[in-house]
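Examination of the molecular architecture
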Amino acid sequence: MTKTVLGIDVSKNTIDTMLLEGDRKHYHQVENSKKGYRQLLSWLEKNQSQQAHICLEPTGKFSLSVAEYFYDRGFKVSMVNPARVSAYRVGTGTSNKTDRGDAYVLADYYRTQNPRLWSPTSPEITELQEMTRYLDSLKGMCQQEKNRQSAGYKSATIRRKVRSVIYYLEKQITDLEKSIQYHIEKYDDLRHQRDLLVTIPGIGKLTAAKLLAEIQDIHRFKKASQLVAFAGAHPIVWLSGTSVHKKSRMAKTGNVHIRKALYMPALSAKAWNPIVKTFAERLLDNGKLPCVVVGACMRKLLHIVFGVLKNDIPFDPNYGANS
């Protein structure tokens, strides 16, 4: 049976689509709005393609609105990693980088690679994710102002303004951190998972909130290695023959928010978590660089997070000791 696929390239103002069904290839563009979504739905009905599988890249709220609209109307939707699509483009020799071309590559990627299906996150997870990501933005803004303060201003007026901004941002940060925990307390499942995560030495309530916001549903992952890959915390090895042997590095092609959330906890776990500490000491004894060890500790923490959430049990210092 021929699979009908709709690749959607989303931008702020427009949606470029490419419909593939066997040898059929049809391009269509609509505006990125509810009106445009309805027009696209009518176009699909006219082409007798109401069962089309939809493939698009995550581009924040622009793509989320499109995905939710068609998901709610019974379409199968996949959100695919832009890095994977980019590599696919190179591998297939598609050189033209246009909106129309992007829509075609997305459709062809779905047709040949069969990525997993997407479903919307629950409202409580969506709100938690928005809160934790905005908290990171506030902290970034606050650090920028502190950097300005450290640089020094001759103007007393400017120094006073900077202090005022820092005070305001710090208060907003404190209030939002409290709101995040209050939000988690309202939902039994979120509260239970957070309480499981904080049994892991190195992970506090805020880190647990960030992990829950980004992981969303641990049952999406069959293995811990899939969670590590989702976070982009897996190593990339450069080894070819006898002449090419570069230092391995972290992939960094996955969820940057998870990696940011785990950096400081990994440093803490390296000192206080019995599993991670033993693991780190073994790597250091084998001559690994400290920065490499920190990355490995982040991966080890993710393995432990996976075990705790997947098995619905608190941290056990013997769990995964040999993994």
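All figures in this text were calculated on a predicted structure; none of them were measured in a lab. Position numbers for residues count from 1 along each chain, tracking the sequence in the order it is written. Given that this is a predicted model, residues contribute local features only at a pLDDT of at least 70 and side-chain atom pairs are listed and counted only at 80 or more, while totals for whole chains, interfaces and linings are drawn from all residues. Water and hydrogen atoms were dropped before computing side-chain values, which therefore reflect all heavy atoms in the structure.

Here's the deal with a positive patch on the surface
Note the following rule: Residues enter a patch when their relative accessible area is above 30% and they make no salt bridge; the linking distance is 9 Å between like charges and 5 Å between nonpolar side chains (Val, Leu, Ile, Met, Phe, Trp, Tyr). Note on areas: these come from Shrake-Rupley sampling with a 1.4 Å probe, and a residue is covered only by the protein chains present in the view. Any Lys or Arg side-chain nitrogen found within 4 Å of a carboxyl oxygen on Asp or Glu counts as a salt bridge. Charge convention: Lys and Arg are scored as positive, Asp and Glu as negative, and His as well as the terminal groups of each chain are ignored. Just so you know, the charge point we use is NZ for Lys, CZ for Arg, CG for Asp and CD for Glu. Helix and strand definitions here come from DSSP, where helices need a minimum of 4 consecutive H or I residues and strands a minimum of 2 consecutive E residues; each element is numbered from the N-terminal end. Each residue is placed in one exposure class: buried if its accessible area under a 1.4 Å probe, protein chains only, is under 20% of its type's maximum, exposed if it is over 50%, and partly exposed if it falls in between.
A surface patch of positive charge is lined by Lys34, Lys35, Arg38 and Arg73. Tracing the backbone shows Arg73 in the loop between helix 2 (61-71) and strand 5 (76-79). Among the residues examined, Arg73 registers a relative accessible area of 44% and is labelled partly exposed.

Overview of the packing of aromatic side chains
Quick note on the threshold: Only centres within 6.5 Å qualify two rings of Phe, Tyr or Trp (six-membered ring in Trp) as a pair; their planes then separate them into stacked at under 30 degrees, edge-to-face at over 60, and tilted for everything else.
Enumeration over the complete set of coordinates arrives at six aromatic pairs. Pairing Tyr37 with Tyr69 gives two aromatic rings, centres 5.3 Å apart and planes at 50°, and the pair type is tilted. In this pair, Tyr37 is assigned in helix 1 (residues 34-46) and Tyr69 in helix 2, connecting sequence segments 32 residues apart. In this pair, the class of Tyr37 matches that of Tyr69, namely buried.

Concerning the sheet that holds strand 3 (residues 24-31)
Stated formally: DSSP-based pairing: two strands are paired if at least 2 bridges between them are found. For helices, the axis comes from a line fit to the C-alpha atoms of the stretch in contact; other axes are also lines fit to C-alpha atoms, and the angle between any two N-to-C directions lies between 0 and 180 degrees.
If you walk across this open sheet you meet the five strands as 3-2-1-4-5, and the pairing is mixed. Every interior strand has two partners, whereas the edge strands, strand 3 and strand 5, have only one. Each adjacent strand pair in this sheet contributes to an overall mean axis angle of 20°, direction not counted. With four bridges joining them, strand 4 (residues 53-56) and strand 5 adopt parallel strand pairing.

Topic: the confidence of the model for the protein
The line we're drawing: Known as pLDDT, the predictor's per-residue confidence is scaled from 0 to 100.
The predicted model of the protein has a mean per-residue pLDDT of 89, with 92% of residues at 70 or higher. Least confident of the elements in the protein is strand 6 (residues 235-240), whose mean pLDDT is 52; most confident is helix 7 (residues 188-197), at 98.

Focus on the side chain of Asp102
Here is the rule we go by: By the criterion applied in these results, polar contacts are pairs of N or O atoms within 3.5 Å in which, for protein atoms, one can donate a hydrogen and the other can accept it, and in which residues neighboring in sequence qualify only through two side-chain atoms. Here, two residues are considered to be in contact whenever any of their heavy atoms come within 4.5 Å of each other.
Along the chain, Asp102 turns up in helix 4 (residues 99-113). At a separation of 2.2 Å, a polar atom in the side chain of Asp102 contacts the side chain of Arg89. Discounting chain neighbours no more than four positions away, the residues touching Asp102 are Asp9, Arg89 and Lys97.

Some details on the pattern of salt bridges
Under the definition given, this model contains 13 salt bridges. Among the salt bridges present, the one from Arg133 reaches Glu214, with a minimum N-O distance of 2.8 Å. On the criterion of sequence distance, the pair formed by Arg133 in helix 5 (residues 123-151) and Glu214 in helix 8 (residues 205-215) is long-range, its members being 81 residues apart. Its salt-bridge partner being Lys210, residue Asp136 comes within 2.9 Å of it at the nearest N-O pair. Taken as a pair, Asp136 in helix 5 and Lys210 in helix 8 lie far apart in primary sequence, 74 residues in all. As far as the burial class goes, Asp136 and Lys210 line up, both buried. Ionic contacts of the salt-bridge type, sharing partners, join the residues Glu185, Arg194 and Asp195 into one network.

Overview of the environment of Thr59
Relative to the assigned elements, Thr59 resides in the loop between strand 4 and helix 2. Overall, the relative accessible area of 32% leaves Thr59 in the partly exposed class. Considered as a pair, Thr59 and Lys12 are 47 residues apart in the sequence and their alpha carbons are 9.3 Å apart.

Things to note about the packing of helix 6 (residues 156-185) against helix 8
Threshold: Working rule for handedness: look at the near helix, and if it is turned counterclockwise from the far one by less than a right angle, call the crossing left-handed; if clockwise, right-handed.
Taken N-terminus to C-terminus, the directions of helix 6 and helix 8 make an angle of 65°; their axes are 11 Å apart at the nearest point. Relative to helix 8, the crossing made by helix 6 is left-handed. Of helix 8, the residues touching helix 6 (which contributes Glu177, Ile180, Gln181 and Ile184) are Lys205, Leu206 and Ala209.

Structural notes on the packing of helix 8 against helix 10 (residues 256-272)
Quick reminder of the rule: Comment on the angle field: the value is read as roughly parallel under 35 degrees, roughly antiparallel over 145, roughly perpendicular from 65 to 115, and oblique elsewhere.
In contact at an axis separation of 9 Å, helix 8 and helix 10 are set at 155° when each is read in the N-to-C sense. Looking at the two axes, helix 8 sits roughly antiparallel to helix 10. Helix-helix and strand crossings are classified by hand; for helix 8 and helix 10 the assignment is left-handed. Here Thr207, Lys210, Leu211, Glu214 and Ile215 of helix 8 lie close against helix 10, whose contacting residues are His257, Ile258, Ala261, Leu262 and Pro265.

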